[in-house]
Each structure stands twice: as C-alpha cells, then as structure tokens.
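Chain by chain, the residues run as shown.
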Amino acid sequence: MSEYRYIGRKRRTKEDPRFVSGRGRYVADVALPGMKHVALVASPHASARIVAIDAKPALAMPGVLAVVTGEEFCAGTDSLATGVDAPRLTRFALAKDVVRYAGEWVAAVVADTRALAEDAAERVEVEYEPLPHVIDAERAMAAGAPLVHPAHGSNVILHKRFVWGPVDEAFAKAQHKLAFRATWGRSATVPIETFGVAAQWNAGTEILDVWASIQMPKYPDQVARALRLPGNAVRVHYDVDVGGSYGVKRGLKHTVLVGYLARKLGHPVRFIEDRLENMRGGDMQGPDRFFDMQVAFDSDGTLRAWKIRAVDDVGAYAGRAPFQLGKPITAICGPYRIPAVEYDATSVLTNKTPQEAVRGFGQSPTNFAMERCVDRVADFLTMDRIELRRKNLIRKEQFPYTIPSGSTYDSGDYHAVLDKALAAIDYPALVRARDEARKRGKLAGIGISTCLEPSGGNSAFEVLLNPKNETTTWMDSCLVRVDLAGSVTGVMNTSSSGQGHESLVSTVIGEVLERDPSSVRVVRADSLQALPSNSPVGSRMAIMLGGAAAGAAKRIRETLVAIAAHNFECAPEDLEYRGGDVALKGAPDRKLTWDQLVEIAHRKFHRMPPDVEPGLQAKFVWEVPTGGALPDAQGRVQIYPCYSFEAHLVYVEIDPDTGKPSLGRYVCGHDCGVMINPDIVHGMTCGGIAHGIGAALYEKFSYTEDGQLAAGTFMDYLLPSAMEVPPLAIVDHCTPSPLTTFGQKGSGEAGYLGAPAAIASAVNDALAPLRAAIDTLPMSHLAIWKAIDAARHPERSEGSPMARS
Amino acid sequence: MSERLYAIEVEVNGARRAAEVPVRMSLVDWLRDELRLTGTHVGCEHGICGACSVMLDGEPVRSCLMYAVQANGHRVTTVEGLAKPDGSMSALQDAFCETHGLQCGYCTSGMLIAAQALLDANPDPTGEQIRDAIGGNLCRCTGYQQIVEAVELAARRVRAK
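Residues numbered from 1 in each chain as written. Chains lettered and ligands numbered in written order. Predicted model: local features only at pLDDT ≥ 70, side-chain atom pairs only at ≥ 80, totals over all residues.

### Observations regarding the overall build of chain A
When you go through chain A residue by residue, the secondary structure sums to 21 helices and 28 strands. Here the C-alpha radius of gyration of chain A, 28 Å, is about what a compact globule of 805 residues would show, namely 28 Å. With the principal axes as the frame, chain A shows a C-alpha extent of 95 × 75 × 50 Å. A buried classification covers 60% of the 805 residues belonging to chain A. A separation threshold of at least 6 residues defines the contact pool for chain A, and within that pool the share at least 24 residues apart is 79%. (Helix = DSSP H or I, 4+ residues; strand = E, 2+ residues; numbered from the N terminus. Rg over C-alpha atoms; globule rule 2.2 N^0.38 Å. Buried ≥ 20, exposed ≤ 12 C-beta atoms within 10 Å, placed from the backbone. Contact = placed C-beta atoms within 7 Å.)

As structure tokens, then:
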C-alpha cells in the first residue's frame, strides 16, 4: 500500500466535471464587447517576391476596419527571437518583401465578423514574382541551393558535433559495424482545437490583456518585446482552457499580430485559426528528420558505440524548434550501456512551414532511430530482440547511471518493467499467434521498444546549442493561501491543455496539509500577478509544479506548527501535526485546531510568534533538481533530472495484398516513479501511444515538388480514430526518483516516446520473412505495399521505392 | 453588402428558439455565437473531427456542415442538454468523470453526443460497437481507451438500474 493518503490513489479530477457539462472556457468562448475578427491572406507560393499589394477593394467592403500588410507590421514591431545563434534571421507574423513558404501570412484583414473578414481577404490583390525554392534538407545544404534567408548566408542554422567517450577506438575494436538511414516524417500533434488568441488594449492603464490557447515558456515576455512594450504592459490570462497542445501551441506570431491590431484599432480583436490556417500557416508542424546511424557491436550482442548524424528540416523560420535536436542529448544512449557516442546535429532551413515543439521535443524520432538500430543489430546477429535488449539495458544496481553526454539517470529497473510487459501480453502465446498467422499466409509481426522519457527539464540544451544563451534555471512556482474561513487555495502560474494540473496541485497540497483535496481550490494567476513559471513543457509539471505546491504547503504547515508552539510555549519538535490540528505529542487533547490556528494567523497578532507574518500564505519557487550548471568543455551537462522508462509490445498483421496494417494487442510497461493520479498518467500514456501510432503509420505533412502543402485537411492528414487505435493496456511499475518530493517523475510524453519505435519494429518483424525492411516513417499502406511488392518482384525494383513515399 | 436574413424556429435543449439568421450561417456558429451555447466546439469545419457533433432529432450530426436554416423546425440537443432535468450529470457524463475519459475537454462534447446516441439505440454495446460509434470523433488526448471504458461503465450502470 501507498504511504500516502491521496497521492497515487484513484481520485476524480477537478477539471472533468466542467468539461463534460460543456462549461469549459476556451479562447473561442471569450467574447469581448465590440470585438473584431481577423482573417489572413496567405502566400500561394513557396518562395516569391511580393511585387504589390492592393487592399483598396477589401477596404471598401462594409464591416472592414483594416488591412495590415508586412510593410506596416514590420515597421511597428520587432522580430521574434530565434533560439539558435543566427542573428540575421528575422521572423514576423506578416511577410515583407518576400514570402518563404506556401501559406505564409501576407496580410491581415480585420472586420466586424469572421465571415466578413474572410470575404474581404479574398479581395486583397497580391502580385508575386516567384523565386526558386527548396523543400529538401539535403538539397538545401548543397552548394548553390536557393537561400531561404540570404542574409544568414546559408540554409544551415545549427550544426554541432559532439564526441563523448572513445568512439573511434570502440569502432576500431568492435567485431561488427552497421550503418543505415532512418527517416522520421514531418508530422505534429495537431490538437483538435486550433490556436486562437484574443487581445484588448486598455489605453487608460496601458495594458494589453491577452487570452490565448497557449502552452509556451516565457510567452508574455516575448510578446511584450516584439510589441516594444515593457514586460508589465502585457497581461496574459492563464484561466483559458487549452483544447490540446502537446507542445505546439506556441502562437507567438499570432499573439503579436493580434496585440498589434488591438492596439492600433482600439477594439478588442480575436483570431481563431481555421483548420487550413492551423496546418499550413500556423507554424505548428513537427520534426522532419533523418538519422544516419552507425553502430559498433560484438558477436555476443554487446553494443560498444554509436554515431548519430541527425539532420532536421526546420522549415522557413525558427524559434525554439532547433532545440529539439538538443533534448535527445540527455538520453543519447537510450536505456542502454553504451560507453561512447558521437552526435552530429544539423538544423536546416527550407521553404516549408516552420516547425514547432512537439511532444517529446525531438526525443521520439531519436528513440525511433536508436531502436531501429538495436533491432537491426539483432537481425544481423540473428539474436532475439528481447535478449539483445536485456543484455544491454542498464541494470537496476547501476543507478544513478551517468551516460557519456554528462546526464545522470536518476533511477530505474528496466528489466523488471520489460518482464512485466512480457508477462502481461503473454509473450510466448503472442509468438505462437504470430507464427500461426504467418502459416495462414498473413504478414504478422511483434514490435518491441524500450525507451526513455527524460522529464522535468531545465532547458540546458539551450546553452549547449547556443553559447550566447546562459539559461541555467527553468523554475516553477506555487502560492498556497489559507483564507479566514480556513479554505485552502493553490495558485498556479500557467495555463493547462488537459494535463489535469488543478488535480495535481490540489492532491499535493491535500497530501501535505492532510486536508481533503476536493476542498482545495486551484486558480491561475494572470501573468502580472504570477510567480515564475516555465509552462507545462518537457514532462515537467508533476515534478516542478508538484514540487512547488508541496514546498508551499510545507511552509504553511510549518507556520501552523510554529503558531501552536508559540501558544503552547514549547518547541515545534514537541508537537504533532494531524489533519490540520496541532497537538502536544503524547497529549492529543491539548491541541489547537485548524480553525483556531487559522483564526490566530488572520486576526490575533498578539498570539502570533514574533517572526511570523500575519495572514496565512506561502510561496515556493523551485529550481529544477540537478539544474543550475553550465556545460563543461566537452559539452557535458545534466539536461533533465528524471528518467521514466517505457517498454512497448505490440502485435500487427498486414494484409499482403494492400499493405494495410492492423494493430492487435498492445501493452506498455511504464515506470514514471510515484504517480500522483494514476488515471491521469494512464490517460496521457494511452494518448501518447495513439499519437505515436499516427506518426508511425498515418500522419505526414506531405509537400508537392512545387512546395505546396498537400495535407492541409483531415482528409489527407490522417489522425488515428478509435478504429485504428487498438485496446491499450498499461502495466505500472514504480521506481521512485530520489530527486523529487514524492518520488514522482514526468509522464506527459509517455507512450509517444516508444510507440513509433515499437510499431516500426512490428511492421519490420512482419516483413522479415520477405527480407524486406522499412526505415522511414510514416509507414503508410502504400509504403508497406511497395516494400512487399519490391521484395516479391525484385526485378521490378528501382532503387528504394519506400524511401520516396 | 447586407446579408438577407431568414426566420427559423428550432427546439434547442427543450426550449423553442426563434431567430433570424443569414443563410450562410452554420448551425454551430448559430449555437455558439448567437445562443452562446459554447459547449459545442469547432475543430476542423470540414466534417471530419466530430467536435461539433450535436443531435438533430436524436441523431448525431456535424453542426459545422449544416446551416442554421436547415435546423428550422427540428429538435437540437447539445452537450448542455445532456444533463438530467435537475441539472446533475447524466450517467454517461458521470462515467466520463469516473474513468477520466477526457483530458483537454475539447472533443468531449462531441464524444458524449456520439456515445449518448449509441446508448439510446443500443443499451448493451460491445467494445467494437462503441469504437464504431465514436469512430467519427477524433480525440488527440486519450487514445480512446478511457473513453471506451466510460461508455461501457455508463451502459452497465444504466442497465443495472
């Protein structure tokens, strides 16, 4: 049984009742008096010079207030920040002089209604002169390629090479080596709610109020800078429910645009992306990456070293997205004992929609490439994939375990989690089922992946990839307040997009104060009242917000004990805190109750200890555990503190005539330390798996040769439905983290970090009898069919058809 | 350009609602912007995601693909109309809370509409039938597992009564 009274136990969330009754409040529900609406004019070209814009016909239409172009907008605002060291790269919400991708916003039309704004947007005449474009990362790196940002002088905006440990020596001594390319297709999280923002400028107070569907660290600061406003002139209201994000809801350019329009026009202005605006010009596509993998290993299956060259197509502009090549450094050898690693990371500009942060921040593509590597080694040695993993997984007794790139894994028992998953799926029976299906003429396979989920990040990859950046803290905070009536309120400082943070905060505060969590209210400060927060990114809130809430609640508890000690004229050690009452040890009748203590704190200064503030509230700002340091000379730094582990097993059958895969049993063994709310953790893990199924089999932002997005609707960008996602079973294991308040680790990216690798493993196992293999995601029906066809008809094969689909 | 208005009368969540609407106004825009029934959400506006699902005479429909004028003379039920007459949660809503069959809540209204329509027609659905019934409603948070569990739980509880 758990040592906790609320943590880890089944508990309904605080958020669900308002959502099932239709009482959520999303940004599209924010209706401000006199509010105006925006529609956008988007570029039809991947690369072009803007010759002329004629807005007069649009402006003449009734209900139209303004048409703003890049000329005006870029003069009135500053560029958004680029995360990497590329000072000549500028980025504005509206293009000026040139457009760099199809869908880029060229002009914004403001009207009384969205419908009128759309009507008018169609009347804005833009004359373009098409320019050469490039939409392939390797071509973009080649000499003579069209430059996306000529001022930068190259399409490469980041190139870093790290060598950790004796890599060349390991490759020289190893008995075998393998090399191959793994490719991760451009997909994203694609929330069902598009991005939206509403803003209102108050000329009296000179404050810009912002309501947005946002998940973005340091968002108010960046909005204020771009609008040339002081930081305290932007007030972001975090009490807006966000309809899904999983990383991508960064919306900086949207917010700067709407803020500018609201201030210019003196009306509240709202922009809600339609689906095409979201998919094409919303700048929310994800990693688009290939990995040239080399691995050195021995005949007994011992992995000695690997070299990873990762090239990522970041699209036409960059914010934090290139840093998605940085987070994987914190788990660059996966869950395996690999003593030497080389990592060569390149971020390349192309004429495609800009990339944004996606669940896992680059870890899932990297896990996919590493797991393909492990499966290929097993195949080469004709060794069982599970035995190979068991041999190389870090063993329980080796924690804390420091990897070559400098991060120390806090804790884990990978073998136990894998064994639990194998038992839950009845692995021998699954193997028999696969073999019988194969006898019936089916292509059947079992997928396996063992992956890490780094969590609680302190963003140290920023420093690693950009030496001009010295970020070494990524704190989060909580304020706990007990009012005169004795009610407890937790104040958090960011918005949520489904992670159940109100449940998290109330459970943790309830645990520490021994008060019923359902009586603890959780509210969100706006950004001018908020304590520091870095928003729910990097699977960090259970660790960071949970730790901050616990820290603040502990201070309340200490204050209550101090008040009692003062009144009993004894030492705090002589007292016992129980359920909010404080009693003398050994004399439970001699106590001050919760109500009495609260009353003293709020009204009776004469009964307060001399060094304690009246009122009853406490804040706690928590630095990321293990954070705070700059990298050493070899580029070694602790990037994330906690490491959750997941072992996926999945069964797939493929129709050999159509290439259509059907997923069968799916088990995920998962260890994220102590779970604060198991239902929330399981839900996010299942959601991550579904998202991984999409990335592995269905979802791709495809582009035509002329640079047009060919997947701008849900009819061609395919999200998995309940018919594609099989029943999912999560098997829990708990290895507490020694670094966190309750032993919790992060879990917001769970499932997604191992599912694509597992499904790729399953499809390749199914293709193995044909001696066919696919190393490119997504493995669409067509790609699978082509692989089958090429294997069956080698005479028809021309190169590598699957690599091109 | 002033748009021509048409008079409509629709029964929404049991109440008669009369209005004059532009012919091109979608049903979802009318529900959300004019009636302020913001529980129904807009996800894709091309009929795929199902977030905007409402019941029209008891059948789930996409309110983004219908014009408000097409609802004239019909009965519309939105998520706000699913609660019991006393305002407390329906068995299905309660089951979604029990299994945590949602996260961000954005697809939830449409899921509830699709699942309620299923349970109205089939009080004892199999897991496969549940997946089929919600197969036209996309969720990015849950992977559907806890949604299916919620519908199964609600069906069990209603049958046990």
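### Things to note about the packing of helix α2 (residues 91-99) of chain B against helix α3 (residues 108-121) of chain B
Residue and element names in this part refer to chain B. Between α2 and α3, whose axes approach to 10 Å, the crossing angle comes to 125°. The angle between α2 and α3 places the two elements in the oblique class. In the packing of α2 onto α3, the handedness of the crossing is right-handed. Counted together, Leu92, Gln93 and Phe96 of α2 and Thr108, Leu112, Ala115, Gln116 and Leu119 of α3 form the full contact between these two elements. Looking at the contact of α2 with α3 residue by residue, the classes come out as 5 nonpolar, 3 polar and no charged. (Axes fitted to C-alpha atoms, helices over the stretch in contact; angles between N-to-C directions. Parallel < 35°, antiparallel > 145°, perpendicular 65-115°, else oblique. Left-handed = near helix turned anticlockwise from the far one by under 90°. Nonpolar A, V, L, I, M, F, W, Y, C, P; charged D, E, K, R; others polar.)

### Section: the sheet that holds strand β19 (residues 476-482) of chain A
All names here are of chain A. Ordered by their spatial adjacency, 4 strands build an open sheet running β21-β20-β19-β25, and the pairing between neighbours is mixed. Looking at strand neighbours, the two that pair on one side only are β21 (521-524) and β25 (617-622), the edges of this open sheet. Along the sheet, successive strands turn relative to each other by an average axial angle of 20°, direction set aside. Relative to strand β20 (residues 488-492), β19 is paired through 4 bridges, and the arrangement is antiparallel. By the bridge assignment for β20, Val480 is matched with Gly490. (Pairing = 2+ DSSP bridges.)

### Structural notes on the domain arrangement of chain A
Residue and element names in this part refer to chain A. Domain annotation of chain A identifies domain 1 (27-131 + 195-272), domain 2 (355-455 + 640-804) and domain 3 (475-622). Computed from C-alpha coordinates alone, the two centres of domain 2 and domain 3 are separated by 42 Å. Taken together, the residues of the side of domain 2 that touches domain 3 sort by class into 5 nonpolar, 8 polar and 3 charged. (Domains from an automatic or database assignment.)

### Some points on the domain arrangement of chain B
All names here are of chain B. Domains assigned within chain B are domain 1 (5-81) and domain 2 (91-160). Distance between the C-alpha centres of domain 1 and domain 2: 22 Å. Facing the 14 residues of domain 1 at the interface are 12 residues of domain 2. Broken down by secondary-structure element, the contributors of at least two residues to the side of domain 1 that touches domain 2 are β3 (53-56) and β4 (59-62). Here the side of domain 1 that touches domain 2 takes 3 residues from β3, the largest share from any one element. Residue composition of the side of domain 1 that touches domain 2, grouped by class: 7 nonpolar, 6 polar and 1 charged.

### Considerations on the sheet that holds β3(B)
All names here are of chain B. Taken together, the 5 strands give an open sheet; going across it, the order is β2-β1-β5-β3-β4, and neighbouring strands pair in mixed fashion. Edge positions in the sheet fall to β2 (15-22) and β4, since each of these pairs with one other strand and no more. Taking each pair of neighbouring strands and ignoring which way they run, the sheet shows an average axis angle of 40°. As paired strands, strand β1 (residues 5-12) and strand β5 (residues 75-77) are joined by 2 bridges and run parallel to one another.

### Details of helix α11 (residues 385-392) of chain A
All names here are of chain A. All of the buried residues along α11 are Arg385, Leu388, Arg389 and Asn392. With its buried residues spanning 95° around the axis, α11 presents them on a single face. The elements touched by buried residues of α11 are β14 (303-315), α10 (363-381), α12 (414-425) and β18 (443-455). (Arc of directions from axis to C-beta.)

### Focus on the nonpolar core
Core analysis: the largest hydrophobic core is formed by 317 residues, its most contacted members being Val38(A), Leu94(A), Ala108(A), Val109(A), Cys478(A), Ala549(A) and Val763(A). Excluding anything up to four places from it in sequence, Val38(A) contacts Ala108(A), Val109(A), Val110(A), Ala117(A), Val258(A), Leu261(A), Val269(A) and Phe271(A). (Core = buried A, V, L, I, M, F, W, Y, C linked by C-beta atoms within 7 Å.)

### So, the pairing of strand β1 (residues 36-42) of chain A
Residue and element names in this part refer to chain A. Burial runs high along β1: 7 of the 7 residues are buried. Of the two faces of β1, the one holding Lys36, Val38, Leu40 and Ala42 and the one holding His37, Ala39 and Val41 are both buried throughout. As defined by bridge partners, β1 adjoins strand β12 (residues 269-272) across 2 bridges and the pair is classed as parallel. Paired with His37 across the strands is Arg270, a residue of β12. Bridge analysis of β1 against strand β5 (residues 105-111) gives 6 bridges, and the strand direction is antiparallel. Counterpart to Val38 in the pairing with β5 is Val110.

### Quick look at the confidence of the model for chain B
Of all residues in chain B, 99% attain a pLDDT of 70 or more, and the chain-wide mean is 97. Quick note on the complex model: pTM equals 0.97, ipTM equals 0.98. (pLDDT = per-residue confidence, 0-100.)

### Describing the pairing of β1(B)
All names here are of chain B. Judged from the 8 bridges that link them, β1 and β2 form a sheet pairing that is antiparallel. Paired with Tyr6 across the bridge in β2 is Val21. Between β1 and β2, which pair antiparallel and follow one another directly, the connecting turn spans 2 residues, one of which, Asn13, has a positive phi of 50°.

### Concerning the interface of chain B and chain A
Contact with chain B, which involves 42 residues of that partner, is made by 47 residues of chain A. Of all the elements in the fold, those that place two or more residues in the side of chain B that touches chain A are α2, α3 and α5 (145-160) of chain B. Considering every element that reaches the side of chain B that touches chain A, the biggest residue donor is α2(B), with 4 residues. When its residues are assigned to classes, the side of chain B that touches chain A shows 20 nonpolar, 17 polar and 5 charged.

### As for unusual backbone geometry
Residue and element names in this part refer to chain A. Residue Pro400 follows Phe399 across a cis peptide bond; omega there is -10°. Topologically, Pro400 is positioned in the loop between α11 and β16 (401-402). The amide bond that connects Leu777 to the next residue, Pro778, takes the cis arrangement and shows omega of -5°. Tracing the sequence through the fold places Pro778 in the loop between α19 (755-767) and α20 (781-792). The phi dihedral of Asp97 is positive, around 70°, even though this residue is not glycine. With respect to the helices and strands, the residue Asp97 is situated in the loop between α3 (70-76) and β4 (98-99). What makes Asp97 exposed here is the crowd of 10 C-beta atoms within 10 Å. Residues other than glycine seldom take positive phi values, yet Glu569 does so here, at roughly 50°. Take Glu569: there are 7 C-beta atoms within 10 Å of it, and that puts it in the exposed class.

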